[in-house]
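Coordinates in review
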Amino acid sequence: LREHHAPAARETLSLARERIGLDTVRRPMSDIFISYARSTEVQAGRIAEALRGLGYGVWRDDELPAHRVYSEVIEERLKAAKAVVVVWSADAVKSQWVRSEADKARADRKLVQLSLDGSALPMPFDQIQCADLAGWTGTPDAPGWLKVVASVADLTSRSGKGAQTSRPTARPHAICVLPFANMSGDVDQEYFSDGISEDIITDLSKVSALSVVARNTAFTFKGKAVDVPQVARQLNVGHVLEGSVRKAGPRVRITAQLIDGAGGDHVWAERWDRDLTDIFALQDEISEAIVGAVKLRLAPEEKKAIEKRGTGNPDAYNLYLMARQQYVTGNQGDERREEAIIRLTRRATQIDPDYARAWSLMALAQTSLRFRYGREGDDGLAAAERALELDPELAEPHTVKARHLREQGLDEAARAEVDVALGLDPESFEVNLSAGYVNFRQHRFEDAIRFYDKAASLSEGDYLAAGTLQSCYSAIDDKDGMARAAKMTLARAEAAVAQDQSNGSAMGFAAVALAVLGETERAKAWIERALMIDPDNLNMRYNFACAMCVHAEDAEAAIDLMGPVLATTTLMWLNHIKIDPDLRVIASNPRFQAMIAAAEARLGTGAPEPSAGEMSGAKTV
């Protein structure tokens, strides 16, 4: 026990000696000063530790010495810091101390702003960029955190001639794989170049000595002209890989270049022209060449892991990549997306019956058709079991099993499956989405928020997890949280509609977000437009009705929207509708009650009330 505590005791003694002036050599002033309100001390501490982990010296007022006037110490530290990180919150906005420190930092041109709760910033700080760290749990590749890190790196590297920069040294064995450019001259081939990029990221992640930037962060640079040294500084990596893919008929050309993050110099470059039948050997070559270029050596088990492709058939692989692209970018809420995924993955598994990832993706789509649309037939469970039989390390099939257990009311068993999935792949979008869903349905809203927030951070273009966060915050009456989630949802949904004008699902989420933000007329305009484009999207109609009830308080419009939903609803969905708190505004309305009675008659049952743990799944599936 003494040995365990001795280092900490020595460190405490050293700090105490320094602070009361007993040491002749004083520790240099910190690079970063953190300003915050006392109510956010936990979050401020997390931010400080994350910055220290990047190599910065950080000071906040938990280090105030006992023998000095604290205002003098704060002024001294504030003046010496190269960057001042102001942690805004509702209480920080009211704090004269925080506003004073922020004003001093602004005047000295070293202000870095972040917001924990989306509170309106006071003038003139509302005219300055502010990173959004709402719900941040320390994830190093969250977009808001990356913005903070980039600003801090920029400020701390500004020093006089001959002075040393204090920006942390880039990790030499850390790498970012930028999305490879599609040079095929056909936008429909985008799925292939994206798939190659994702597979290289996955392969390199299997090398224990190499730190690889997550896919969702790397793909934020897709389609953008990037300054490689700036990207390297922002992500604190030593190397950046970029390249291109040209696929034409049975041939593929891949170029790749590894770039030194500090100076932008090429470390290694290569071009391959191969038949598509060689695509797997080619991916192995690329990954192994990168490992060699950064002076690492593959362990035998790592080499074996990289060469594990899941399939040896290029045709099955190509079909899987097409299906995966549909899953990532398709119109959520449109049955045709799920049908396309099932067709593609079914063909892939016919070509290669042992292709576990294709079975897994098929299971996700079949489960969606079963529980979102009430389809009979394959419900995804058999495909999930087949995937796990072939590859027990896959996480996503466990989310399918969790969904089935949840719909049977077996909550604890469902949570157990989610826990298994999280243990296998805590960075999976699908796993975090499923964890959010299971917790939401059990009224564990705080946990649901954590998982939906993580899912949203793992897929920059996803508006489903972001949109469902609105319902979670609504359930705990967190209006600031609802507003933050609505802003995120609106931005993502608008981006999706810009890419696909017929994406009714994205329009639906955008309309709900607008209603949350109080822009009722804009919300109604989006609803009208969406219903013209995708009138049969019942999931979208349901979301619109909830928005009209909760946020626009337009009961008649909500009932009109619910008409087609109740005319075709499944028994499971009807039970959810009857107890959804978002619909409480219209629950006792005679017209709505008549629609419920008609649905019960059509289904031939009185549709008994589900348990209190049941809530509407329409906004969360």
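In the block above lies the structure referred to throughout.
Okay, so let's go over this structure. Model, not experiment: these values are computed from the prediction. (Residues numbered from 1 in each chain as written. Predicted model: local features only at pLDDT ≥ 70, side-chain atom pairs only at ≥ 80, totals over all residues. Heavy atoms only, no water.)

**Some details on the overall build of the protein**
What counts here: Helix and strand definitions here come from DSSP, where helices need a minimum of 4 consecutive H or I residues and strands a minimum of 2 consecutive E residues; each element is numbered from the N-terminal end. The contact criterion used throughout is that any non-hydrogen atoms of two residues lie within 4.5 Å.
The secondary structure content of the protein amounts to 27 helices and eleven strands. Restricting the contact set of the protein to residue pairs at least 6 apart, pairs at least 24 apart contribute 63%.

**Some details on the sheet that holds strand S4 (residues 111–115)**
Applicable threshold: What makes two strands pair is DSSP finding at least two bridges between them. Every axis in this analysis is a line fitted to C-alpha atoms, fitted for helices over the stretch in contact. Angles between the N-to-C directions lie between 0 and 180 degrees.
Overall, parallel pairing links the five strands, which are arranged S2-S1-S3-S4-S5 in an open sheet. Edge positions in the sheet fall to strand S2 (58–59) and strand S5 (131–132), since each of these pairs with one other strand and no more. As paired elements, S4 and S5 share two bridges and run parallel to each other. By the bridge assignment, Leu114 is partnered in S5 with Ala131. Packed onto the sheet, helix H5 (residues 96–107) meets strand S1 (32–35), strand S3 (83–88) and S4 and runs at close to 145° relative to S3.

**Focus: the packing of helix H23 (residues 520–533) against helix H24 (residues 538–550)**
Here is the rule we go by: Comment on the angle field: the value is read as roughly parallel under 35 degrees, roughly antiparallel over 145, roughly perpendicular from 65 to 115, and oblique elsewhere. Take the far helix as the reference: if the near one is turned anticlockwise from it by less than a right angle, the crossing is left-handed, and if turned clockwise, right-handed. When residue character is reported, Ala, Val, Leu, Ile, Met, Phe, Trp, Tyr, Cys and Pro are called nonpolar, Asp, Glu, Lys and Arg charged, and the others, Gly included, polar.
Viewed as axis vectors pointing N to C, H23 and H24 meet at an angle of 160°, and their least axial separation amounts to 11 Å. Classified by the angle between their axes, H23 and H24 sit roughly antiparallel to one another. When the axes of H23 and H24 are compared, the crossing they make is left-handed. Touching Lys524, Ile527, Ala530 and Leu531 of H23 are Met540, Arg541, Phe544 and Met548, all from H24. Tallied by class, residues from the contact of H23 with H24 come to six nonpolar, no polar and two charged.

**Regarding the environment of Ala383**
With respect to the secondary-structure elements, Ala383 resides in helix H15 (residues 381–390). Separated by 21 residues in sequence, Ala383 and Met362 have C-alpha atoms that sit 6.7 Å apart. Leaving out residues up to four positions away in the same chain, Ala383 has contacts with Trp359, Met362, Ala363 and Gln366.

**Let's talk about the environment of Asn539**
For clarity, the threshold we go by: Summary of the burial criterion: residues with accessible area below 20% of their type's maximum are buried, those above 50% are exposed, and those between are partly exposed, where the area comes from a 1.4 Å probe applied to protein chains only.
If you trace the backbone, Asn539 turns up in helix H24. With a relative accessible area of 7%, Asn539 lands in the buried category. Taking C-alpha positions, Asn539 is 8.8 Å from Gly508, a pair spaced 31 residues apart along the chain.

**Description of the nonpolar core**
Threshold: In plain words, nonpolar cores are sets of buried Ala, Val, Leu, Ile, Met, Phe, Trp, Tyr and Cys residues tied together by side-chain atoms within 4.5 Å.
In this structure, Tyr452, Met562, Leu566, Ile577, Leu583 and Phe592 are the most contacted members of the largest nonpolar core, which totals 73 residues. If one sorts the elements of this core by residue count, helix H22 (residues 504–516) sits on top with ten residues. In this structure, Met562 is in contact with Tyr542, Ala545, Ile577, Leu583 and Phe592, ignoring residues within four places of it in sequence. Formed by 71 residues, the second largest nonpolar core is a distinct cluster that contains Cys176, Leu204, Trp268 and Tyr320.

**Topic: the pairing of strand S10 (residues 251–260)**
Within S10, seven of the ten residues are buried, which leaves it mostly tucked inside the rest of the structure. Here strand S9 (residues 237–248) pairs with S10 via ten bridges, running antiparallel. Bridged to Lys247 within S10 is Val252. Where S9 folds back on S10, the antiparallel hairpin that results is connected by two residues, among which Gly249 adopts a positive phi of roughly 60°. Here S10 hands over to strand S11 (residues 266–275) after five residues, with Gly264 in that stretch at a positive phi of 80°.

**Overview of the pairing of S4**
With five of five residues buried, S4 is to be regarded as a mostly interior element. Burial of S4 is two-sided: the residues Leu111, Gln113 and Ser115 facing one way and the residues Val112 and Leu114 facing the other way are all buried. In terms of strand pairing, S3 meets S4 through five bridges, oriented parallel. Across the sheet, the residue bridging to Val87 is Leu114, located in S4.

**Examining the packing of aromatic side chains**
The condition that has to hold: Planes of paired rings set the category: under 30 degrees apart is stacked, over 60 is edge-to-face and the rest tilted, where pairs are Phe, Tyr or Trp rings (Trp by its six-membered ring) whose centres lie within 6.5 Å. Whether a charge lies above a ring is judged from NZ of Lys or CZ of Arg, which has to be within 6 Å of the ring centre and within 35 degrees of the ring normal.
Following the criterion strictly, the structure yields seven aromatic pairs and no others. Look at Tyr191 and Phe192: their rings are 6.3 Å apart centre to centre, the planes differ by 85°, and that puts the pair in the edge-to-face class. Accessibility assignment for this pair places Tyr191 and Phe192 in one class, buried. Here Phe440 and Phe445 contribute two aromatic rings whose centre-to-centre distance is 5.5 Å and whose plane-to-plane angle is 70°, an arrangement assigned as edge-to-face. The pair Phe440 / Phe445 is uniform in exposure class, with both members buried. Of note, Lys247 hangs over the ring of Phe192, and the distance from its end group to the ring centre comes to 5.4 Å. The ring of Tyr473 carries the charged tip of Arg484 above its face, separated from the ring centre by 5.6 Å.

**A closer look at the pattern of salt bridges**
What counts is decided by this rule: By definition here, a salt bridge exists when the distance from a side-chain nitrogen of Lys or Arg to a carboxyl oxygen of Asp or Glu is within 4 Å.
According to the stated counting rule, one finds 25 salt bridges in the structure shown. Residue Asp275 pairs with Arg251 through a salt bridge whose shortest N-O separation is 2.8 Å. Here Asp275 is found in strand S11, whereas its partner Arg251 is found in strand S10, with 24 residues between them in sequence. Taken together, the salt bridges that share partners define one network made up of Glu190, Asp194 and Lys222.

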